[in-house]
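# What the coordinates show
Each chain is listed here by its residues.
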Amino acid sequence: MMQSTRVRIRQIVGLCLVALASAGGGQALDPRGEIHIPIGIANTLDSLKTFVEAEGNFSPGVGTYGVYFWLYDREEDRLFAPTMEDVGCEYGLPEGGGLIPWSRWRAGEVKVKSEVCHVLCDCPAGAAHVVAARVELRGGGNRPRQVSLYIALRPLGPAGSDVRGLNVTDAGDALLVDGKTALVAKQQPNDAGVAQTDTIGQYATRGAMPPDRSVTSDEGNCSGALRFDVTLEPDRSRLFEFVCPVLPGRRAVRHQWDGVAEWAQFDLARPNPDDGGVLQPDPGLPYYRALSVRNLFAEAREYWSRLTGRVELHLPDVRWSEAFAAITGHAAMAMNEGAPDVAVVNYNVFNRDGVYVANILQKAGRMDLAAEAIDYFLAHPFNGRSYPEADNPGQILWGLGEHWRFTRDRAWLEEVYPAAKRLAAMIRYYRTTEGPHWVQMDALAFGEDAPAEVRRELKPGRCDGHNPAYTEAFDLAGVRAAALLARAVGKSDDAAQYDALAENLASQYDRVYGPNLAEKYGSYCVLWPCRLYPFAAGKAHEQFKGLGPQKPESWRYFPLARAHQSLLAGNREAGYETLDLHLDHPQMRRWYAFDEGGKSGSGGWGHLRTTWNGNVAMPHGWAVAAVHLLLRDCLVYEDGGQVVLFAGIPESWFKDPAGIRIRNLPTHFSSLDAVWEVAGRGATLRLDGRAAPPEGFLLALPQSLRPNVSIAGKSIEATKHGFLLPAGTRQARIQFGS
């Protein structure tokens with residue numbers, strides 16, 4: 001009697017929690033809205049991407065519905081869900097960091113793991129986006145458990161929308177939304193049902209199912225589920241597999257940015273329109289029934305290996321290699337038909353975020369995607385806000401210079417050089433003539449060439465308000481890049497003009513900002529990425545070296561940028577200690593998905609049914625780029641004609657038996673392979689690959705190791721900043737002092 005009463009109390013409490021959740025007043029079965037990532041196919045429409053939350057629920061396409069996994073224990077008479085406060089949930093990515101997220105949680109003695117992937121399938125009707133999911137249940141304890149797995153579909157989701165019609169197929173193995181395939185089970189469910197309201201959770205809390213097989217709702221509130229009844233033996237597992245098409249037979253909308261909001265633009269495009277957008281193929285239910293979930297996951301693994309696996313990092317701290325790969329994936333996911341958006345759904349393109357994202361792609365070996373981002377900038381030189389900002393032209397030129405350094409692609413250079421020349425002329429125009437200065441937002445027209453009906457005034461120093469130390473740094477970096485490109489393409493007269501302009505701009509910058517380089521926005525750009533001053537000596541070196549490690553703060557990218565300046569000035573701890581603090585942040589654990597840290601633009605979130613705070617952009621392009629690019633430079637960075645090795649890694653790594661292995665890492669001097677093998681009281685460094693810096697490699701070793709470095713038995717004298725390995729060095733032996 002007492003046990004029955006306790007069970008009934010738990011059931012009533014559960015019902016109350018679910019009822020509150022359905023009414024928007026609780027979180028028992030609703031998405032937590034704390035951590036999410038978009039997955040899918042890089043450089044496709046945002047509406048075709050799948051948002052997955054840390055608890056495993058997902059929306060197959062933006063503006064669709066939420067799909068959830070719950071487990072009902074019949075003996076305990078209790079529903080478990082990873083979104084419940086008393087159900088702990090962990091999450092992560094597979095080895096290699098590809099965006100195939102998993103979530104793991106416990107339902108009493110039963111362990112539950114779900115995985116989600118998103119692939120592009122070639123079908124008779126065309127290329128179809130498909131999400132595959134699988135759930136593994138593993139029994140625990142010392143006796144069998146009677147449980148029921150629910151896979152629920154609701155209008156509320158990570159990126160949900162109205163569900164006006166919902167029905168169960170005659171075979172009982174699938175749910176259709178508005179007559180289109182939405183959820184297909186690869187095993188036959190024991191039961192299936194739908195409700196006219198978003199109350200499927202109330203049924204699941206009782207272990208029950210709604211009686212209806214077909215419902216409609218003018219308000220878009222339909223919900224339903226498939227249920228699988230299982231007897232789980234101890235230490236035995238059962239696997240359930242599902243397919244969720246992405247917008248089959250529906251229209252994937254393009255963004256429609258309002259063009260007027262001065263802080264962050266709103267997306268006016270509503271999901272699932274009756275016309276417009278890009279009509280998606282619908283190969284039909286039999287096609288989806290025939291798909292192999294196992295094969296879909298294999299395709300997803302292969303896709304992410306190609307996208308993020310060109311660079312291989314094997315390091316003592318696995319977080320570094322996972323972050324490098326995962327953030328490369330996040331950057332690629334933000335690409336939207338060539339546009340390097342700041343974040344999926346939240347934001348359009350901002351140049352300062354976009355050029356950093358392009359630099360991620362360059363340093364990860366995805367020159368194809370980086371080139372598409374650059375093409376977008378050349379066609380749309382001013383991005384982000386509804387007015388032009390003064391850092392934009394220099395940032396595009398800097399990105400062009402970086403792309404040339406990484407690719408040495410002569411055909412590409414000849415194609416883009418006229419645009420580079422135009423950008424350099426634009427910087428000369430607004431930096432050396434009296435204002436007002438006129439530009440065109442979506443073309444490289446300025447001054448009298450900018451049509452009066454579309455021209456906008458470019459105000460000096462305009463960037464996040466007024467930050468001339470930042471905008472003028474990019475002017476100088478951009479003009480220097482233009483000189484580099486001119487020399488490379490054989491335009492010596494142009495190069496001489498750009499050199500003279502750069503010298504003038506450098507003198508102005510030093511006179512105005514030189515005494516206080518580490519203040520405000522200047523502290524985010526002077527050495528990295530603009531390289532305005534020498535790293536190893538001089539005023540920038542002196543002002544930045546002492547900054548040291550930086551803790552996370554509200555705007556994620558700023559402390560990482562300050563740490564980057566300090567790293568290049570020779571502060572090892574500014575690199576690895578800053579990374580350690582940031583990789584340990586709750587948002588960065590496992591999925592490496594920093595938000596912006598402050599209020600972001602909401603973009604199109606206002607059109608969706610979700611618990612997500614639309615003013616949070618996650619992952620945020622600049623925020624995750626700041627992590628990725630600092631991490632890369634802790635391992636390897638270029639200084640003029642030299643490649644600097646290991647300047648920002650912990651001292652302990654040099655003696656770690658796991659060693660260090662870097663393969664196919666792009667540099668300004670082709671790709672680098674480097675292997676650090678520990679043996680006895682020393683190590684061997686092997687340098688392979690095609691990287692051939694003309695001034696050699698600088699091996700940055702902590703002095704506390706008391707290292708002795710030799711090549712072919714001949715010792716190398718240490719410099720103040722490390723050991724210079726001459727060009728062509730393939731192997732060096734390092735001995736540590738006692």
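Residues numbered from 1 in each chain as written. Predicted model: local features only at pLDDT ≥ 70, side-chain atom pairs only at ≥ 80, totals over all residues. Heavy atoms only, no water.

### Structural notes on the environment of Asp-341
Heads up, the condition is: Put simply, DSSP marks the helices as runs of H or I at least four residues long and the strands as runs of E at least two long, and each gets a number from the N terminus on. It only takes one pair of heavy atoms within 4.5 Å for two residues to be counted as in contact. Contacts described as polar in this section are N or O atom pairs within 3.5 Å, which, within protein, must combine one atom able to donate a hydrogen with one able to accept it, while residues neighboring in sequence count only if both atoms come from side chains.
Within the secondary structure, Asp-341 sits in the loop between strand S22 (339-340) and helix H6 (351-363). In the structure, Asp-341 is positioned 43 residues away from Gly-384 in sequence and 9.2 Å away in space, judged by C-alpha atoms. In this view, Asp-341 contacts Asp-46, His-255, Ala-334, Asn-336, Tyr-347, Asn-348 and Val-349; residues no more than four positions away in its chain are not counted. For Asp-341, the side chain forms a polar contact with the side chain of Asn-336, separated by 3.2 Å.

### Points about the confidence of the model for the protein chain
Put simply, the rule reads: pLDDT gives the predictor's per-residue confidence on a scale running from 0 to 100.
Mean pLDDT over the protein chain works out to 95, with 96% of the residues at or above the 70 mark. Throughout residues 1-26 the model reports pLDDT below 50, and contacts reaching past four residues in sequence, or to other chains, amount to 26 contacts.

### Observations concerning the sheet that holds strand S26 (residues 642-645)
The following threshold applies: At least two DSSP bridges between two strands are needed for those strands to be called paired. Lines fitted to the C-alpha atoms define the axes, with helices restricted to the stretch that makes contact. Angles between their N-to-C directions range from 0 to 180 degrees.
Pairing within the open sheet is mixed, and its 4 strands lie in the order S25-S26-S30-S33. Since the sheet does not close on itself, it has two edges, and those belong to strand S25 (636-639) and strand S33 (723-725), each with one partner. Averaged over all neighbouring strand pairs, the angle between strand axes comes to 30 degrees, with direction disregarded. Two elements, S26 and strand S30 (residues 697-699), share 3 bridges in a ladder whose sense is parallel. Its bridge partner lying in S30, Val-644 is registered against Leu-698. Of the strands in this sheet, S25 and S26 touch helix H15 (residues 621-635), which is tilted by about 80 degrees from S25.

### Some points on the layout of surface pockets
Rolling a probe over the atoms, with the probe sized like a water molecule, indicates the empty space that remains. Short version of the rule: As defined here, a cavity is a set of points on a 1 Å grid over the protein atoms alone where a 1.4 Å probe fits but cannot get out. A pocket is an open set with protein on both sides within 12 Å along at least five of seven lines, and residues line them when an atom is within 4 Å of a point. Grid points are joined across faces, edges and corners, and a volume is the space filled by probe spheres set on the points. All amino acids are sorted into three groups, where Ala, Val, Leu, Ile, Met, Phe, Trp, Tyr, Cys and Pro are nonpolar, Asp, Glu, Lys and Arg are charged, and the leftover types, Gly among them, are polar.
In this model, the largest pocket occupies a volume close to 700 Å³. If you trace the largest pocket, you find 32 residues lining it, with Gly-570, Ala-700, Lys-720, His-721 and Gly-722 closest to the centre. Elements with a contribution of two residues or more to the lining of the largest pocket: helix H12 (539-545), helix H13 (557-568), helix H14 (572-583), S25, S26 and S33. Considering every element that reaches the lining of the largest pocket, the biggest residue donor is H14, with 3 residues. Here the residues of the lining of the largest pocket sort into 17 nonpolar, 8 polar and 7 charged.

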